[in-house]
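Remarks on the overall topology
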Amino acid sequence: MPKFLACFTLYLLSASTVLSQTLLINEVVSNSFSGALDEDGDESDWIEIYNAGNIAVNLQNKGLSDNLEEPFKWVFPAIEINPGEFLVIFASGKDRNEGELHTNFKLNADGENLRLMSSDGSIIDENLDFKCTEGRSWGRLPDGAQWNTLEHPTFATSNNINDIAFSSESPGFYEEEFDVLLSSIMGDSIFYTLNGDEPTLESTLYTAPMTIVDRDLQANYFCNFPTTPDNDNNDDMWQAPNALLDKATTLRFRTFRNGLATSRIETRTYFIRDNFSLPVLSITGNEDGFFSDESGIYVPGNSFDPNVPASGNYFLTGDNWEREIHLELFDEAGNLALASNCGVRIHGGYSRASALKSLKFYARSKYGDKYFDYPLMPAGENAKYKRFILKSPMSDWGHTFIKDEVAHELSERLNFPNQNSQPVVVFMNGEYWGVQTIRDRIDKYFLEYEEGAQRDSANLIKGGSSLRAEEGSADGMLELRAWIEANDLADDGNFEYIESKIDIENYIDYCIAEMFFANYDWPANNVRLWRSTEEDSRWRWIFYDLDAGLGNYEYNMFEHCMVPDPDENWPNGEFATFMFRNLIKNNGFLMRFTERWATILSAEFALSKLHTVTSEIKNEYETEIPKHIQRWNYPKSMDQWENDFNSVIRNFLAQRPCMIEQQIIDSFSLDEFGFSCSNLSTSRPLLLYPNPNRGDF
């Protein structure tokens, strides 16, 4: 029996079992966006009860509750519901049982339990952990049957104006070509697309099973849209690939009845005879939203002005430049791990002008689920995300791909929040798009899961050559800087006050990491810090964006941070270096700073760890780099990538500890320092490279 027929048979059997009950919870709206107003003119949550039987039922003393431990949280009055009738109870918390019915509780839009109880304490019906999305409801289709997301809420009327579409095959990886059958519960017409666009009545009408074929030999399409101006010869500029790319099939389908859509859009991405060593992220969205001159967020478009460096559609921000897409994430084994309708925007600063863009994704109820309910970065402890970033390797100041990731991984145990990561292979509308890295997005949600903050009471500041609040207010830090300007921190009493406002251990670790990796694009850029609005909360700095680091191992970051040029804002202007220059005046701070340097150089930045971590990260990417080069011509070749890795990252990390030792002794006139480079010769590891190895060492 075909898979979809077996599923549909089980569906009908379950529907038959449910319909044998008389009284049912038929539809729930828990996001207050259904357009239904109560008698007070308020848009409240609501619950619909359906009598599927042949006789009227009196609801007196029956219970309704969102708390399994309090089954009779709200009790029905003496009211009858006739056969085939629908009764709505507003879940408003207003607690009314005369006239318009209102429960004494509200519903959680993120999902919770709901039970309908008989007066004798038995369960009549229940829905455990329902979830609603904005403008849609959670209901049974047909009435009284299987639960699903309904495209059109039907307040106190039949749900049957909706439909739900199915495919016979799940998205994923297949060894051979196969047929896909489409069907729907209500038998409406099904229209579909294969190019990423949302299906409409102008799309192809489904009439018979379709064959999913291996598309690798088909002509490239989406990669032929220039994503940078054609008058720039930088090596991170767009070039059309000179070979055929790997391709998948993106199938999108939807049901229609009498000219109106009756189901939500379903999206399935199918891969034939494809194998990747990394997880795969498939992005599916309307072509115009990405590539048209008028509205495409990924192209120079009509907004590009050759006389303005930071111009082009990809530099435009805000709600008008967010696009709805469908996202599918497949794990290393090829299993579908996450599927979500969400919003996407271009991310970053001037890296937006590179051919391969960084993206940021938003989970919003108006698209689908309010969260990405999956541990996107296994190394982290978070399993639910509101937003995340897909980082482009072209933001690297070089061709290594992995400088930023190396710096974060080596600093993982230091006393500051930093961004976790997960490299992935990306497909755009079924076309190979290259290797990018999923990263945390630094915002109030990041502070909640990474720092344990109350997200709505956090002050998050973007610093550097100025201070700007991204969440909350920057006033507290501005006031603290004014106090420091008026008080000499060489005085221990003044420093003690500062220590009550700043997490000094965090700040020391943060500065050590930035200085060790020689992040030239700091501190006049790439600075974020936060604290809670609570009175006793202290400021903490966040480690991110080391793309400009790991360059010149001889560069003296102590001079960089202590000898500002008042005439220059970047990279180390007077405003940006203010905090460090004042703190280093205090002898106690200097002692703690240099002692911590010695500890970290001996442990976190020990040569053995530096080499081991960088090799592991390189090996993770290495297999997928050739296809990425074929797609973007960046780097130019595997040799260039290998040479950059060795001459930039490996050489920097091998030389940097000894250089730091000498610089720190000279900069602070130290008689002794707890780390000695002369001891490294006896502890330097023996490296077998590459590892894993294929026989050539």
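Relevant structure appears above.
Residues numbered from 1 in each chain as written. Predicted model: local features only at pLDDT ≥ 70, side-chain atom pairs only at ≥ 80, totals over all residues. Heavy atoms only, no water.

1. Remarks on the packing of aromatic side chains
Here is the rule we go by: Centre distance within 6.5 Å is the pairing criterion for rings of Phe, Tyr and Trp, where only the six-membered ring of Trp is used; planes under 30 degrees apart are then read as stacked, over 60 as edge-to-face, and the remainder as tilted. Secondary structure elements follow DSSP: runs of H or I no shorter than four residues count as helices, runs of E no shorter than two count as strands, and numbering proceeds from the N terminus. Only when the NZ atom of a Lys or the CZ atom of an Arg is both within 6 Å of the ring centre and within 35 degrees of the ring normal do we say a charge sits over the ring.
One pass over the structure, following the stated rule, counts 52 aromatic pairs. Measuring from ring centre to ring centre gives 5.6 Å for Phe173 and Phe330, while their planes differ by 90°; the resulting arrangement is edge-to-face. Of this pair, Phe173 sits in strand β13 (residues 172–174) while Phe330 sits in strand β23 (residues 323–330), placing them 157 residues apart in sequence. Geometry around Tyr314 places Lys357 over its ring, the cationic atom sitting 3.6 Å from the centre. Between the NZ or CZ atom of Arg631 and the centre of the ring of Trp433, over which it lies, the distance is 4.4 Å.

2. So, the sheet that holds strand β9 (residues 123–130)
The condition is simple: Two strands qualify as a pair provided DSSP detects at least 2 bridges between them.
Read from one edge of the open sheet, four strands run β5-β4-β8-β9, paired in antiparallel fashion. Pairing within the sheet leaves two strands with one partner each, and these edge strands are β5 (74–75) and β9. For strand β4 (residues 63–65) and β5, the ladder comprises two bridges, and the chain directions are antiparallel. Among the inter-strand pairings, Gly63 is bridged to a residue of β5, identified as Val75.

3. Concerning the sheet that holds strand β30 (residues 468–471)
Put simply, the rule reads: Throughout, an axis means a line fitted to C-alpha atoms (over the contacting stretch in the case of helices), and angles, computed between N-to-C directions, take values from 0 to 180 degrees. In this analysis, two residues are considered to be in contact whenever any of their non-hydrogen atoms come within 4.5 Å of each other.
Here four strands make up an open sheet; going across it, the order is β30-β29-β31-β32 and the pairing antiparallel. Where the open sheet ends on each side, the last strands, each with one partner, are β30 and β32 (540–542). Each neighbouring strand pair of the sheet contributes to a mean axis angle of 35°, computed without reference to strand direction. Helix-sheet contacts for helix α4 (residues 444–451) involve β29 (458–463), β30, β31 (527–532) and β32, and the interaxial angle to β32 is about 110°.

4. A short note on the state of the cysteines
Note the cut-off: The disulfide criterion used throughout: a pair of cysteine sulfur atoms within 2.5 Å. Residue burial is assigned from relative accessible area. The probe radius is 1.4 Å, only protein chains are included, and a residue is buried under 20% of its type maximum, exposed over 50%, and partly exposed in between.
The full count for this structure, using the stated rule, is one disulfide. Two residues share a disulfide in this structure: Cys658 and Cys677, whose sulfurs sit 1.5 Å from each other. In this pair, Cys658 sits in helix α13 (residues 638–668) while Cys677 sits in the loop between α13 and α14 (680–683), placing the two residues 19 residues apart along the sequence. Assessed through its relative accessible area of 28%, Cys658 is described here as partly exposed. Relative accessible area serves as the criterion here: at 14%, Cys677 is assigned to the buried category. Cys561 takes part in no disulfide bond, and the closest cysteine sulfur to it belongs to Cys511, at a distance of 6.7 Å.

5. So, the pattern of salt bridges
Note the following rule: By definition, a salt bridge exists where a carboxyl oxygen of Asp or Glu is found within 4 Å of a side-chain nitrogen of Lys or Arg.
Within this structure, the stated rule accounts for 38 salt bridges. The salt bridge involving Lys94 is made with Asp38; its shortest N-O contact spans 2.7 Å. Residue Lys94 is found in the loop between β7 (86–91) and β8 (112–117), and its partner Asp38 is found in the loop between β1 (23–29) and β2 (45–51); the two are separated by 56 residues along the sequence. On the accessibility criterion, Asp38 (6% relative accessible area) is buried. Notably, a salt bridge pairs Glu266 with Arg264, separated by 3.2 Å at the nearest N-O pair. Classification of Arg264 as partly exposed rests on a relative accessible area of 33%. Each of Asp38, Glu39, Asp40, Asp42, Lys94 and Arg96 takes part in one network of salt bridges that share partners.

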